[in-house]
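# Topology and contacts: notes
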Amino acid sequence: MMDPNNDMDESEEIMDTNDDGHILYDHYEIASWSQEEEGIWNKNTWRSTVISQECGLIAIPSGLDAVHITDLNGYLIHTLQSGEPINAIVSLAIYPTTCQRKGQTTELIILTDNGIIKRFHIGKACFDSCKTPKRQDISKTYSEVGSLAVSPSNKLLAIGGADDEFGSISVTLWNMEAEEFRMVDAFAHIRDLGSGMATALRKKLLSPTSLSLIKLAFSPNGDKLIGLDRQGSVIVLNIPSLSVSHYFTHYTFVENIGDTAWWSEDEMILLSQIGDLTIQHLNGEQRLKEPARFRDHSTVTNAHRDAFFVLECDARSPQTPRIMSGSDEASRDGISKYLNFSGMLSLLTFGYFENDNWNVDFKKKIRKEFKLIKFTKTTPRQLFLRKVETRDYETALKIATDYQLNTDYLYQKKFRTTEISENSLEEILSKIQDKRWVFHEIQRRIPADPDKIELLLNYGLRITELEDSKKANLENKKDMVTCLQRLVLLIYLDRLNTYTSIHDDFNPETFLNFRESVLVDVAVEFAYLRNFSGISILFSFHGREVLPFRQHILSQVPETTPVEDMSFLLPALNLKDEMEQMWDQKKTRVKDWVEEDDVLKKLGIPENQRQDLQLIQSRLLEISKKFPENFDRSQDDFDLYAEDVVPRTPMTDVSVKSNYPASSKDLTNWYIQRATEIEAKSGLVENALSLVHFGIQNRIKNLEELMEDLQMLEILVYTCQADVTLVQYQLLSPYEKFSMLLKNSTADTVVADIKQRAMSWIEKDTTKPALLFQWMANQAKSGSLQICERIIFQSRPIEAISVQERIIKDSISLLQVALHCVYLCPSVNQWDVMSDIFRSLPDRDSSYRDNLTFQQLQDRVDLFELHLTASEILSKYKLAPPLNFYMSLKTKMAKNDNKPKKFIFQICHQASITKPRISSTQWRQILQDILKLQNDVFDFVSLEYCYHQFLEGVLKSGNFQLGKEYADQVPEAEKVILKCAQEYFNSAASTSDSSMKMASECLSMLTVTSPAILEEMNLIKAVKMLSEFQIPILPLQIRLSKNRLDLVEKVLSSNLNAYKNPASIIRLASLLTKTTSEMNSNIHCMIATTALKQKDYDAAYDSALQLVNVDYRPIWKVCYDLGWSEHLKSSQHRMKMLSFAAVYCEVENLEPSLKLWRELDVRCIFEELGIESHLSSSVLIKFNQVQKKISEMEPSLHSKSKYLATDQKILRVAVSKKEDLDSMLLSLAQEFLERDTPLSFAYLWALSNPIKAKSVFDSALEKDPEASDRIARFGRYFYCLEILAFAKELKSEQIYSLSPDEAYDKVVSLQLENQVESKVQLEPEKTKVYLDQIQRYNSILGDASKAVELKALDQSIDVSKFTSDPEYKKKTVVNLCQSETMSNLNAALALCAQANVTQIQVVLWRLEWMLGTWQGKGKDEENILKEMFNFQLEIMLKNPKETLQVLNDTFPRIAGDDYDKLKFSYELQLEIFKKENRTEEAAQVETNLKFLSDFYE
């Protein structure tokens, strides 16, 4: 919303001013902004704006219900929305205060025309938290309100207005310290306003007018109050009496006063409606010589720290509003008035529209322009600086003249904002006395016109001119600084001329960089940018600085640049002195006096560095103070300055500097290095070659070798397309260079390529022909034999080819290289090429008769012919090896190699699998080829092997007739025939494959049958049987089967009825493997297993019984399964199977076997005893279900012995003696209760009366008290099952699948629900007996469990005695409570019910023991007593009489030095007395406690 614009800069300090004792006044704008809002103007509307310098805030009303809060720069901080229309804001005040939520803050007080005061917290921390204003109504105090003012020092609020009752102006004071403002009665005159708010004093001020006060302001210390009425009259009141101190009419000082404030305690600020401002003393003396002028109807604040603010506001609207009178829209008294908006705003602001006279009908967008002006007391120097800053140079010069101030700052500012010209230099710059600043300005200012720069530099040279006497001595430091400054200016002038010579267009920033840079860096940049003319100019005009870096500069030219473009810059050699030819230097001016050797020496500058700008500047800094870096910069500056451009950092390393002029050796090295660099970085050989060309033209020495390398490299790169650099080429061996020349040669081009590229290079050196032979050998090795053949063909010693045209001139060399190539060639398909080479070789010649080397080579040629013939034979069968294979056969080790045999094998094998089958004639030709190979090259391979392979191939091809023809001729033919038959067998795709027939035919060729042949025939028959059993299997799988009896098992498993024909199964097994007794048992086991799977239990039993009789151990699994099968009707048979299984079964199968055997045994016994079958079945069902639950609870109660005969013996004896059945069953149950509880339960369930079972459990309890918990659990479980067995809603499988605890919980739930009689179909007498037994055994179980727990606490406790002796229980409880540990005490409390004692008894026993008997120590005693006090206090307080009795009995026994027990006893007494309200006793105990504490401290 706000857009402040405050660009005021701080003024620079001017040291040599003379303004002591002079006081001036000045005003200046510090901020301006604008805002747009919608204005709605009605009658009785006026505006008031307040400025608080102390708080740094401005409050500006906007519209009817909003106030904008800004800082002194116009930045919007917050906008207050009152939430309801404000009729009109009469006045505002800002008051520093505190906020309950945020602490120190600021409060905005708004007074509206209807007499409402609203207070907002406007501190930054309170805007979000204090949105709801405080309201206070003072409308009953005033008929009309006009203004308010605040005095922070007095904490007073003044309100001015009018009172219709008295017809006068009224002013009241209000105290601001309370939550609500309260009027102050200075004269102690009390008046009840009837509102109940406060008492107030109102001072009536008689005035010439009845108008209200529109402005009030407290003096700085709060002793006076100034007021302004609507007519412009000023009233000064004393505080707090409100007596009139001074009164001035509206024409006393200034016409039509519009606003007023305080400058000091006795000085007023008066601002007229037309904007004239003056400062007036109360005695009438005027402080300003002439009024200050502001915009009409401005607002003024009190002075603060010798300054106050004036806020100007100009409001504009798209159209001028019309002011109408009353209801007449045309005019009032015949007058139509049109005012501009600013005038109307003024009238509204100061209330010039009377209530009944004027209405303004206006609702438009209004744009307000605000300007905040600061009026301050100042000095001539400060005013001078301000005028300079505002560019009011004329006024500033007048102030400087009047007050004798230094004018340098004025001319400096003016010069920087003025264009460079002769006039500006003479009229402005020349008047600046600080020549150091002038030099710095000349140095750093860069106009956009080079002529103006030159003008500025020449002016600098003019002011740095010295007298002749000073030139000679230079003993003055100031003169030395001047000389150094002059050197800098001369360098700048030279660089300006150089820059304009290089560049057509002038850019100040580019020039500045050029001027300040190291020229070597500039030259390097030119080289990179290919600005060769610029480099040439630098060489010509600045050679002293640049030419020593010539080689480095030229090395920075991009390597892709054509050398012709920069050839004029390349160094040349002067043959006269063998040094670099010098570059011609040019001059743009005559040598200055400051550049003379003697002057430079005095300045400490070497003569050869007089153009070194950086050196001179550093020297200048050594002897003179550095000019401030933070010199003012302003947007009004006319030109570019050096500070605007970031200086370059020198880039060139001094180490790259070379001697100038350079020596011949240095020049050669540079050309070689640069040519290598060009080729390496760009790959452009022609550029490197061009550089070397120019180097040779420039008389540079020792470049010829490099020239030759580059020429060869050019051929390689551009003709041979080789990817090689110069450095790589120079590192290559001669052979590598030669091979690269012929890299892309083919058989068609190789002869021409050698003649064009390499022949001349070869002929230069007698050693280089060997390179050709080496290259040919490598070509042959890589398989490119045809290239070698072309060279050999072109070298034939025939008349058609002259010696000069031959590539290989000598016949011996030709033979050597040809034989070497053919035996190196790895190819196996270039026999035609080898034949061509053979035909190109020279024949035996009589001229070489005496040449042993030639004759030996011819012998090798004959051997070559044999090898070539053998390869051609093998190539027919696609088996030919490389030619050098035959040479390797000469060694003894090579002859042991099987590869020649593999060739013969592969020839026969390929013929055997050829489709269609080859004829007998072709087979005979194959035999001839094999025999020829054996005779010519494979003589170490036996004829027997050859014939074996031939016969095998014939048989594999199925030509049995030809095989019979040669069988008698081949030794050990049976092995060959058997091998072929097996391969036929193995290759069969099924048992009915034709290969099986061919295998039989192959075997039938022999008339004599050996065991091996017989075994093979049996295997074929077995395959046929498997086929009859419809077993899908490959013959090869049968042969490879590790256990062929698995095939028999597969027959049994896949053929449902195969087990019924054991003879066929045994016959099949005998064909597959050798017959043994173990095998027969294994086959019978398979048959039994298969019969069992087919549920043929009788057949399975019969087969298993045979194996049981011979004690065949693996049959136990079948026996185990048969024993468990219900389909095997005879229990005796099942027991027989289980008995055998129990002997050999796995450990995990033993227990189930014995359990089932035991069940079957019980069943047999019941059958023998004549027990009803249905009862027997019921007992077995219960037995099986309970057995599982008991085993889960007590796994150790089951015997795993091999035989369970004890019960059998007892039963057998009982039956024989005709004893009572129940007695016998009870004896059995008692015998097995501990060893086999489920079996014991089964005997008890067979009783005629289950109540008799009590004797079994009671007897066990007496016999083994230590096991009372387990026995009691079994007794409770038995009778729970008896009750639940008669429950209506429970099925048998549900009852007997319950665990012991689950069965007990079920019975308890029936008791709790009183449903035992209704849901259990059992006689009441039996039910009661069963429940009593359950309760009895549960009690024994509880005692046993608790005894076990106590045993863990105290090992001395006798568990059996605890469960049976009540007195022992009580004694145990007493011993537990008389212990230091809380766990023992808690255990004793838990046993109270069982021991028939109360908890208070236990606690008092412990209390008596702790205070009377127990002897604790230190911290342990203190902590244990604290635990007793904290955890058992509640129980002891419930029984105070008994507790006090114990305390009284034990107190005499407490030792006098046992502080902890004494303190515990007193504190417990105190708690009891307090609870029973026994005040006197409690007070006495407290006294005792205090005495005890003081005593022990």
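In this report, we go over the structure that sits alongside the text.

What counts and how
Residues numbered from 1 in each chain as written. Predicted model: local features only at pLDDT ≥ 70, side-chain atom pairs only at ≥ 80, totals over all residues. Heavy atoms only, no water. Helix = DSSP H or I, 4+ residues; strand = E, 2+ residues; numbered from the N terminus. Buried < 20%, exposed > 50% of the residue type's maximum accessible area, 1.4 Å probe, protein only. Contact = heavy atoms within 4.5 Å. Areas by Shrake-Rupley, 256 points an atom, 1.4 Å probe, with all protein chains shown as cover. Salt bridge = Lys/Arg side-chain N within 4 Å of Asp/Glu carboxyl O. Pairing = 2+ DSSP bridges. Axes fitted to C-alpha atoms, helices over the stretch in contact; angles between N-to-C directions. Core = buried A, V, L, I, M, F, W, Y, C linked by side-chain atoms within 4.5 Å. Parallel < 35°, antiparallel > 145°, perpendicular 65-115°, else oblique. Phe/Tyr/Trp six-rings, centres within 6.5 Å; stacked < 30°, edge-to-face > 60°. Left-handed = near helix turned anticlockwise from the far one by under 90°. Nonpolar A, V, L, I, M, F, W, Y, C, P; charged D, E, K, R; others polar. Expected span 1.5 Å × (residues − 1). Patch = residues over 30% accessible without salt bridge, like charges linked within 9 Å, V, L, I, M, F, W, Y side chains within 5 Å.

### Section: the overall build of the chain
Regarding its fold elements, the chain presents 63 helices and 32 strands. The burial tally for the chain puts 50% of its 1497 residues in the buried class. When contacts within the chain are restricted to residue pairs at least 6 apart in sequence, those whose partners lie at least 24 apart make up 61%. Entry remark: accessible area of the chain is about 74300 Å², with carbon and sulfur atoms responsible for 48%.

### Looking at the pattern of salt bridges
Pairing between side chains of opposite charge can happen when the charged atoms of each approach one another. The full count for this structure, using the stated rule, is 46 salt bridges. R486 is the salt-bridge partner of D592, the closest N and O atoms lying 3.0 Å from each other. Of the two residues, D592 is situated in the loop between β31 (579-580) and α15 (597-603) and R486 in helix α9 (residues 477-502); the sequence distance between them amounts to 106 residues. R486 carries the same exposure label as D592, and that label is buried.

### Topic: the environment of P1152
Its location among the elements puts P1152 in helix α44 (residues 1147-1169). Residue class for P1152 comes out partly exposed when judged on its relative accessible area of 24%. Residues P1152 and Y1120, spaced 32 residues apart in sequence, show a C-alpha to C-alpha distance of 9.8 Å. Excluding residues within four positions of it along the chain, P1152 makes contact with Y1120 and W1124.

### A closer look at the sheet that holds strand β4 (residues 66-71)
Read across the open sheet, the 4 strands follow the order β2-β3-β4-β5; overall the sheet is antiparallel. Lying at the two open borders of the sheet, with one neighbouring strand each, are β2 (50-52) and β5 (76-81). On average, adjacent strands in this sheet sit at an angle of 20 degrees to one another, irrespective of strand direction. Relative to strand β3 (residues 57-62), β2 runs antiparallel, the two being bridged by 3 bridges. Considered in β3, the bridge of S52 is made with L57.

### Describing the nonpolar core
Counting 184 residues, the largest nonpolar core has F384, L603, W775, M776 and I791 as its most contacted members. It is α9 that contributes the most residues to this core, 14 residues altogether. Ignoring anything within four residues of it in the chain, the contact list for L603 reads L474, M480, C483, L484, L487, V594 and R619. Counting 69 residues, the second largest nonpolar core, distinct from the first, contains C980, Y1059, A1088 and A1091.

### Brief notes about the sheet that holds strand β18 (residues 244-248)
Reading across the sheet, the 4 strands line up as β15-β16-β17-β18 and stay open at both edges, with antiparallel pairing between neighbours. For this open sheet the edge positions go to β15 (213-218) and β18, each flanked by a neighbour on one side alone. Direction aside, neighbouring strands of the sheet carry axes that sit 15 degrees apart on average. Both β15 and strand β16 (residues 224-229) contribute to a ladder of 5 bridges, which runs antiparallel. Its bridge partner lying in β16, K215 is registered against L228.

### Some details on the pairing of strand β21 (residues 276-281)
Of all 6 residues in β21, 5 are buried, a share of seventy percent or more. Examined bridge by bridge, strand β20 (residues 267-272) and β21 share 5 bridges and lie antiparallel to one another. Paired with I269 across the strands is I279, a residue of β21. From the end of β20 to the start of β21, which pair antiparallel, there are 3 residues, and G275 there has a positive phi angle of about 100 degrees.

### Some thoughts on the packing of helix α30 (residues 899-912) against helix α31 (residues 920-936)
At their nearest, the axes of α30 and α31 sit 11 Å apart, and the two run at 170 degrees to each other. Judged on the interaxial angle alone, α31 and α30 are roughly antiparallel. Residues I904, I907, C908, A911 and S912 of α30 form the contact with α31, whose own contacting residues are W923, I926, I930 and L933.

### Looking at the packing of aromatic side chains
Evaluation of the coordinates by the stated rule reveals 25 aromatic pairs. Centre to centre, the rings of Y499 and F511 are 5.4 Å apart; their planes meet at 70 degrees, and the pair counts as edge-to-face. With Y499 in helix α9 and F511 in helix α10 (residues 508-516), this residue pair connects regions lying 12 residues apart in the sequence. Like F511, Y499 is buried. The interplanar angle of 50 degrees and the centroid separation of 6.1 Å between the aromatic rings of Y1120 and W1124 together place this pair among those described as tilted. With Y1120 and W1124 both in helix α42 (residues 1116-1124) and 4 residues apart, this pair spans about one turn of that helix.

### Quick word on unusual backbone geometry
Here I239 and P240 are connected by a cis peptide whose omega angle stands at 10 degrees. Going from Y660 to P661, the amide bond is cis rather than trans, its omega being 0 degrees. Within the secondary structure, P661 is located in the loop between β32 (640-641) and α17 (664-682). Of note, the phi angle at D306 is positive, near 60 degrees, even though the residue is not glycine. By the element assignment, D306 lies in the loop between β23 (299-300) and β24 (307-316).

### Remarks on the packing of helix α26 (residues 831-840) against helix α27 (residues 852-876)
Orientation of α26 relative to α27, taken along the N-to-C sense of each, is 160 degrees, at an axis distance of 11 Å. Regarding the angle of α26 to α27, the classification is roughly antiparallel. With respect to the hand of their crossing, α26 and α27 are arranged in left-handed fashion. Along its contact with α26, which presents W831, M834, S835 and F838, the element α27 presents V861, F864, E865, L868, S871, E872 and S875. Grouping the amino acids of the contact of α26 with α27 by side-chain chemistry returns 6 nonpolar, 3 polar and 2 charged.

### A few points about helix α21 (residues 734-741)
Taken together, the buried positions of α21 are occupied by Y735, K737, F738, M740 and L741. Elements that come into contact with the buried residues of α21 comprise α19 (704-719), α20 (726-731), α22 (750-763) and α23 (769-781).

### Some thoughts on helix α62 (residues 1459-1475)
For α62, with 17 residues, the first-to-last C-alpha span of 24 Å sits near the 24 Å given by 1.5 Å per residue. Turning to α62, its buried residues number three or more, namely D1460, K1461, L1462, F1464, S1465, Y1466, L1468, Q1469, L1470, I1472 and F1473. One or two positions beyond α62, positive phi appears at N1477, with a value near 60 degrees.

### Quick look at a nonpolar patch on the surface
Side chains of L1034, L1036 and L1040 sit close together on the surface and give an oily, nonpolar patch of about 250 Å² of accessible area. Counting through the fold element by element, L1034 comes out in the loop between α36 (1011-1028) and α37 (1035-1040). A relative accessible area of 36% places L1034 in the partly exposed class.

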